Amino acid sequence: VKTEGQCMVKYDNHSTEAPASACEWKPKYVVVGDMLGKPHILYMYRSKAEYDIAVRESQTRNRSLSVKVKQFDIRGAKIFHERGTVQYPNKPKWHYFTVVRGTGLPIKISARMPEDLHPVYEGIVGFLDREMRMKKMRMEQSRERMHNMSGMYRETYY
């Protein structure tokens, strides 16, 4: 499943809303949990070409990458503005959503066409859904263990 794409991003302020001006967005090649790392990391490269270099280097070398990469942990994040749109003067409408993490600034991710945004959105939501199911399963297992143990120590009053 492709969970990457060329998007416009903004991650340097506290707002969950799209920026007031189109020039505030930065172009980035966004990858959700790629082969270079962990499924809970959102990676941002300057371009697809730099991502390809990073993949090659990670397979051949044991040292740091020659390309710049931003990394954001999305564990426990929430999605705001799932189908957000913003209209800038003399520009077509942009589509965006915001990833709000427990710590750190919100990450706004946008694209002109919703289909360009879709793979990244689905990658993030897919990870968050899997994470939620795992948490729920662990809670149920823990509850069951507690229930089974409580029978051993229960006192009965008559």
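Residues numbered from 1 in each chain as written. Predicted model: local features only at pLDDT ≥ 70, side-chain atom pairs only at ≥ 80, totals over all residues. Heavy atoms only, no water.

Some remarks on the environment of Gly-104
Put simply, the test is: Labels follow the DSSP assignment, with helices taken as runs of H or I lasting at least four residues and strands as runs of E lasting at least two, numbered in each case from the N terminus.
As for its position among the elements, Gly-104 is in the loop between strand E6 (94-100) and strand E7 (107-111). Separated by 32 residues in the primary sequence, Gly-104 and Phe-72 place their C-alpha atoms 8.7 Å from one another.

Focus on the pairing of E7
To keep it simple, the criterion reads: Each residue's exposure class comes from its accessible area (1.4 Å probe, protein chains only) as a fraction of the maximum for that residue type: buried when under 20%, exposed when over 50%, partly exposed otherwise. DSSP-based pairing: two strands are paired if at least 2 bridges between them are found.
Most of E7 is tucked away, with five of its five residues classed as buried. Relative to E7, strand E1 (residues 4-10) is paired through three bridges, and the arrangement is antiparallel. Across the sheet, the residue bridging to Lys-10 is Lys-108, located in E7. Where E6 hands over to E7, the hairpin turn is made up of six residues, of which Gly-104 adopts a positive phi near 90 degrees.

Some words on the sheet that holds E6
What counts is decided by this rule: Angles run from 0 to 180 degrees between N-to-C directions of axes, and those axes are lines fitted to C-alpha atoms, restricted for helices to the stretch in contact.
One open sheet accounts for seven strands, arranged E4-E3-E2-E1-E7-E6-E5; its pairing is antiparallel. The open sheet is flanked by strand E4 (69-73) and strand E5 (78-86), the only strands paired with a single partner. The sheet shows a mean angle of 35 degrees between the axes of neighbouring strands, direction not considered. One ladder, built from six bridges, connects E5 with E6; its direction is antiparallel. When the bridges of E6 are listed, Gly-84 appears paired with Tyr-96.

Any functional reading would require information beyond the geometric quantities listed.
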